[in-house]
Amino acid sequence: MAETFRIGLLGHGTVGSAFEALLAERADAFVPITGLRPEITGVLTRSRGDFEEVLANADLVVELIGGIEPARDYVLRAMKAGKHVVSANKQLLSQHGEELWACAREHGVQLRFEGAVAGVVPVIRVLQESLAATRVERIHGIVNGTTNYILTEMAARGLSYEEALQQAQELGYAEADPTDDVTGRDAAAKMAILARLAFSTPVHLDQVVYEGIEHLTADDMEYAKELGLGLKLIGTAERVDGGISVRVHPAFLYAAHPLASVHGPFNAVTVESDAITEVTLSGPGAGGPQTATAVLGDVISAMIPPACTPETTETLPVVADVKSAFYLAMEVDDEPGVLAQVAEVLGMQGASIKSVVQKGLGRQARLVMVLHPLLESRFYAAVQLISQMAFVRSTPRAIRVIDEEFS
Ligand SMILES: NC(=O)c1ccc[n+]([C@@H]2O[C@H](COP(=O)([O-])OP(=O)(O)OC[C@H]3O[C@@H](n4cnc5c(N)ncnc54)[C@H](OP(=O)(O)O)[C@@H]3O)[C@@H](O)[C@H]2O)c1
């Protein structure tokens, strides 16, 4: 009989119960690899179990409670007691990561968190291990399945944002309170974690600028199609001017971008560097059984040393003003010279037009254009001026465009 590797399970909800079921099914398969048989020896929920008892009977603690407290307290106490910890808690890691990693290093234990970002897509391990030798320049990610599902349905079936959200809730892809997902906050937490690992510099959720998808319309999708663009909620972490920029916002992508073909509740992450060009990983981004697979993978990794705790090796500034390409749409009076005047104001701020579509709407016209990259501050200065011009009949709508293509 193989010796038991004891797991204390904190939280027994969607992921916790899926983890227990998966472990029951797979435990024997790990005996030949690790020489040990993983087994749950204690469970803590709001109504069941005692933390000290669970801890005393565990070699490793799996935290699947979520949120900050008491998860933070339990994770710290477990590590101080010399236990490895596996967690899928992106909020905790994106806000208290430095404290937790420092504690893991001090006590010589592992803190693993593959399930916290992009569900079963193994991006944490790839950044920490497979791509450890490369200097990452940029990461783009579709790291929230709920919003990707909503945007996919809006584009494919012409649904409004509200209709697509309701459908996502009926199918279980969105929670009853979808705020964290649709405002971009959930994706921002995940991008903070990815940026921290990619650039070895502290990144807190509060430093991530994020914008959600609530203001997007079926019209945006329609016009974008004519320009050959698809719309996604994109997380970006990149090196800029000796610092880094980490942000989440809706962005248009050209069809040749690897993330353009990621549809429905799937997640994907693109890692770019000079040496490797780009590597894209994709797969299911959430769900109990899927996330449980990532969590159990972490448990098995922790059973086989060596430990891998990310060190901070740099302190890079977070850059606020970065260059972006933009989609710009507005309703204008349908009269001669309008496009030339808009182009002139854009030109004064250094913006040049890449493509343009003009559609007649009776006595008005809709002007939709894509601009080459420019500093966001200069773009918004131009938009401010344009919005005050006499022939402009609607508030100009601006959405970023990711214009990289890989071949
Ligand atoms: N669901 C997903 O698809 C998914 C995907 C990726 C990552 N995650 C992450 O995985 C973690 C767990 O998510 P989940 O969806 O499984 O959550 P969940 O279904 O809400 O389950 C949470 C569990 O934690 C327990 N709990 C809550 N507060 C507690 C407290 N104060 N003390 C002890 N136990 C407490 C709950 O106890 P009761 O049973 O008594 O209520 C429940 O068993 C979160 O960090 C989440 O962000 C989830």
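Thresholds, definitions, all that
- Residues numbered from 1 in each chain as written.
- Predicted model: local features only at pLDDT ≥ 70, side-chain atom pairs only at ≥ 80, totals over all residues.
- Heavy atoms only, no water.
- Core = buried A, V, L, I, M, F, W, Y, C linked by side-chain atoms within 4.5 Å.
- Buried < 20%, exposed > 50% of the residue type's maximum accessible area, 1.4 Å probe, protein only.
- Helix = DSSP H or I, 4+ residues; strand = E, 2+ residues; numbered from the N terminus.
- Contact = heavy atoms within 4.5 Å.
- Near = heavy atom within 4 Å.
- Polar contact = N/O pair within 3.5 Å; in protein donor to acceptor, adjacent residues only side chain to side chain.
- Areas by Shrake-Rupley, 256 points an atom, 1.4 Å probe, with all protein chains shown as cover.
- Nonpolar A, V, L, I, M, F, W, Y, C, P; charged D, E, K, R; others polar.
- Axes fitted to C-alpha atoms, helices over the stretch in contact; angles between N-to-C directions.
- Left-handed = near helix turned anticlockwise from the far one by under 90°.
- Phe/Tyr/Trp six-rings, centres within 6.5 Å; stacked < 30°, edge-to-face > 60°.
- Pairing = 2+ DSSP bridges.
- Salt bridge = Lys/Arg side-chain N within 4 Å of Asp/Glu carboxyl O.
- Right-handed = clockwise from strand over helix to strand, strands pointing away.

Ranked by internal contacts, the top residues of the largest apolar core, which has 87 residues, are Met79, Leu111 and Ile139. When residues of this core are assigned to their parent elements, the largest contribution, eleven residues, is made by helix α10 (residues 185-199). Aside from chain neighbours lying at most four places away, what touches Ile139 is Leu127, Met191, Leu194, Ala198, Gly235, Thr236, Ala237, Val269, Thr270 and Val271. Residues Leu23, Leu64, Val299 and Ala302 belong to the second largest nonpolar core, which totals 25 residues.

Moving on, we come to the site of the ligand. Contacts to the ligand come from 19 residues, most closely from His12, Thr14, Val15, Arg46 and Gly287. Gly13 is positioned with one of its backbone polar atoms (N or O) 3.2 Å from an oxygen atom of the ligand. Within the backbone of Val15, one N or O atom sits 2.8 Å away from an oxygen atom of the ligand. Here the ligand has 900 Å² of accessible area as a free molecule, and 73% of this is covered by the chains. In terms of residue class, the shell around the ligand is built from six nonpolar, eleven polar and two charged.

Another aspect to go through is the packing of helix α7 (residues 145-157) against helix α11 (residues 218-226). Close contact between α7 and α11 brings their axes to 9 Å; oriented N to C, the two are set at 65°. Note that α7 runs across α11; the crossing there is right-handed. Contacts between α7 and α11 involve Leu151, Met154 and Ala155 on the former and, on the latter, Ala218, Met221 and Lys225.

As a further point, take the packing of aromatic side chains. Centre-to-centre distance and the angle between the planes together describe a pair of aromatic rings. Using the criterion set out here, one finds seven aromatic pairs in the structure. On the basis of an interplanar angle of 55° and a centroid distance of 5.6 Å, the ring pair of Trp101 and Phe113 is categorised as tilted. Of the two residues, Trp101 is situated in helix α5 (residues 90-107) and Phe113 in the loop between β5 (111-112) and α6 (123-130); the sequence distance between them amounts to twelve residues. No difference in accessibility class separates Trp101 from Phe113, as the two residues are buried. On the numbers, 5.2 Å between centres and 70° between planes, the contact of Phe379 with Tyr380 is edge-to-face. A relative accessible area of 0% means that Phe379 is categorised as buried.

What follows concerns unusual backbone geometry. Cis peptide bonds are those with omega within 30 degrees of zero, and the linkage from Glu69 to Pro70 qualifies with 10°. Looking at the element boundaries, Pro70 is found in the loop between β3 (60-63) and α4 (71-80). A positive phi angle, near 45°, is found at Asp241, a position not held by glycine. Residue placement: Asp241 occurs in the loop between β8 (229-240) and β9 (243-254). In this structure Asp241 comes out as exposed when scored by relative accessible area, which is 70%. A positive phi angle, close to 60°, is found at Thr277, a residue other than glycine. Looking at the element boundaries, Thr277 is found in strand β11 (residues 277-284). The exposure class assigned to Thr277 is partly exposed, which follows from its relative accessible area of 47%.

As judged from the eight bridges shared by strand β10 (residues 266-273) and β11, these two strands associate in the antiparallel manner. Along β11, the bridge assignment pairs Glu272 with Glu278. Hairpin connection of β10 to β11: three residues between the antiparallel strands.

Let's shift gears to the pattern of salt bridges. All told, the structure shown has 25 salt bridges when counted by the stated rule. One salt bridge in this structure joins Lys90 and Asp186, with 3.2 Å as the shortest N-O distance. With Lys90 in helix α5 and Asp186 in helix α10, this residue pair connects regions lying 96 residues apart in the sequence. Judged by its relative accessible area of 24%, Lys90 falls in the partly exposed class. Overall, the relative accessible area of 5% leaves Asp186 in the buried class. Across the pair Arg366 and Glu331 runs a salt bridge whose closest N-O atoms are separated by 2.3 Å. With Arg366 in strand β14 (residues 364-375) and Glu331 in strand β12 (residues 323-333), this residue pair connects regions lying 35 residues apart in the sequence. Glu331 shares its class with Arg366; the two are buried. In the salt-bridge network here, residues are joined through shared partners; they are Arg138, Glu238, Arg247 and Glu272.

Turning next to the side chain of Glu238. Along the polypeptide, Glu238 turns up in strand β8. With relative accessibility at 9%, the residue Glu238 sits in the buried group. At 2.9 Å, the side chain of Glu238 forms a polar contact with the side chain of Arg247. Residues in contact with Glu238, not counting those within four places in the same chain, are Glu137, Arg138, Phe199, Gly243, Ile244, Ser245 and Arg247.

A word on the sheet that holds strand β4 (residues 84-87). Overall, parallel pairing links the five strands, which are arranged β2-β1-β3-β4-β5 in an open sheet. One side of each edge strand has no neighbouring strand; the edge strands of this open sheet are β2 (36-44) and β5. Relative to β3, strand β1 (residues 3-10) runs parallel, the two sharing four bridges. Of the residues in β3, the one forming a bridge with Leu10 is Glu63.

Going residue by residue along β3, you find Leu60 and Val62 tucked away on one face and Val61 and Glu63 tucked away on the opposite face as well. A crossover links β3 with its parallel partner β4, the connecting element being α4, and its sense is right-handed.

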